[in-house]
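Overview (structure and organization)
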Amino acid sequence: MEWREQSCVSCDEAYLEAQRWIEAVTKKKFGNNDFRSALENGVLLCDLINKIKPGIIKRVNRLPTPIAGLDNLNVFLKACGKLGLKEAQLFHPGDLQDLSTRVTVKHQETNRRLKNVLITIYWLGRRAQCDRFYDGPYLNFKAFEGLLGTASALFYFRG
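Labelled according to an unreviewed UniProt entry, the protein appears under the name Calponin-homology (CH) domain-containing protein, originating from Seriola dumerili.

Here is the structure:
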């Protein structure tokens, strides 16, 4: 199997595991939304981190506007920092932006941005497992091995 195909398969495993874990922890489903669409407004991510560390986010903005979504993503990322994730382990809020209508954006760029999100979820899952007060579902780290091995070995060694 070619390296690109293999890394794509590895990412598929990571996407499925990230979705399974987020749904298990929050007890909310992605529904018909794809990975990016389900997370772009930040509500599920805020709910996720509040399940890991209750009360770390005081208010989740549930308005259906892009500004509310951006606010939620920034609050989520700040909460990740409070839990000890380093800046290099965090995605950028723009990584969940819908780029499908932009003609100039290549498919690889969208994949790169979503891999950044997966990496943050991986590190959040590791942090949750280390928290002695967290007793929720665990993330299967093996599903992320291909992603970390091909996309960002740098993040792995910084942790």
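Having put the structure on the table, let's press on.
**A few points about the overall build of the protein**
Looking only at helices and strands, the protein has seven helices and zero strands in total. The N-to-C order of helical and strand elements in the protein reads α-α-α-α-α-α-α. In the protein, buried positions account for 45% of the 159 residues. The contacts in the protein between residues at least 6 apart in sequence include a share of 63% that link residues at least 24 apart. Summing over all exposed atoms, the protein offers an accessible surface of approximately 9,300 Å²; the carbon and sulfur share of this is 53%.

**Describing the layout of surface pockets**
As a volume, the second largest pocket reaches approximately 350 Å³. E40, T65, P66, G69 and L70 are the residues nearest the centre of the second largest pocket, which is lined by 15 residues in total. Split by residue class, the lining of the second largest pocket holds eight nonpolar, five polar and two charged.

**Points about helix α4 (residues 66-82)**
Taking 1.5 Å as the rise per residue, α4 with 17 residues should run 24 Å; its terminal C-alpha atoms sit 24 Å apart, in good agreement. Among the residues making up α4, those that are buried are A68, G69, N72, L73, F76, L77, A79 and C80. G84 lies just past α4 and shows a positive phi near 110°.

**Topic: the pattern of salt bridges**
Enumeration over the complete set of coordinates arrives at eight salt bridges. Its salt-bridge partner being D98, residue R36 comes within 3.8 Å of it at the nearest N-O pair. Residue R36 is located in helix α2 (residues 35-39), and its partner D98 is located in the loop between α4 and α5 (107-130); the two are separated by 62 residues in the primary sequence. R36 sits in the buried class, given a relative accessible area of 10%. Residues D47 and R62 are paired through a salt bridge, measuring 3.1 Å at the closest nitrogen-oxygen approach. Of this pair, D47 sits in helix α3 (residues 43-52) while R62 is found in the loop between α3 and α4, placing the two residues 15 residues apart along the sequence.

**Considering the packing of aromatic side chains**
Taken as a whole, this structure holds seven aromatic pairs when the rule is applied. When the centroid spacing of 5.6 Å and the interplanar angle of 75° are considered together, the rings of Y122 and F141 count as edge-to-face. Highlighted residues: Y122 in helix α5 and F141 in the loop between α5 and α6 (145-150), separated in sequence by 19 residues. For Y122, a relative accessible area of 3% puts it in the buried group. With centroids separated by 5.6 Å and ring planes inclined at 45°, the aromatic side chains of Y122 and F144 adopt a geometry described as tilted. Placement of Y122 in helix α5 and of F144 in the loop between α5 and α6 is noted, with a sequence separation of 22 residues between them. In this pair, the class of Y122 matches that of F144, namely buried.

**Looking at the environment of R59**
Residue position: R59 is located in the loop between α3 and α4. R59 gets classed as exposed once you look at its relative accessible area, which sits at 51%. Polar side-chain contacts of R59 include one of 3.4 Å to the side chain of D71.

What counts as what
Residues numbered from 1 in each chain as written. Predicted model: local features only at pLDDT ≥ 70, side-chain atom pairs only at ≥ 80, totals over all residues. Heavy atoms only, no water. Helix = DSSP H or I, 4+ residues; strand = E, 2+ residues; numbered from the N terminus. Buried < 20%, exposed > 50% of the residue type's maximum accessible area, 1.4 Å probe, protein only. Contact = heavy atoms within 4.5 Å. Areas by Shrake-Rupley, 256 points an atom, 1.4 Å probe, with all protein chains shown as cover. 1 Å grid on protein atoms, 1.4 Å probe; cavity = no way out; pocket = protein on both sides within 12 Å on 5 of 7 lines; lining within 4 Å. Points joined across faces, edges and corners; volume = space filled by probe spheres on them. Nonpolar A, V, L, I, M, F, W, Y, C, P; charged D, E, K, R; others polar. Expected span 1.5 Å × (residues − 1). Salt bridge = Lys/Arg side-chain N within 4 Å of Asp/Glu carboxyl O. Phe/Tyr/Trp six-rings, centres within 6.5 Å; stacked < 30°, edge-to-face > 60°. Polar contact = N/O pair within 3.5 Å; in protein donor to acceptor, adjacent residues only side chain to side chain.

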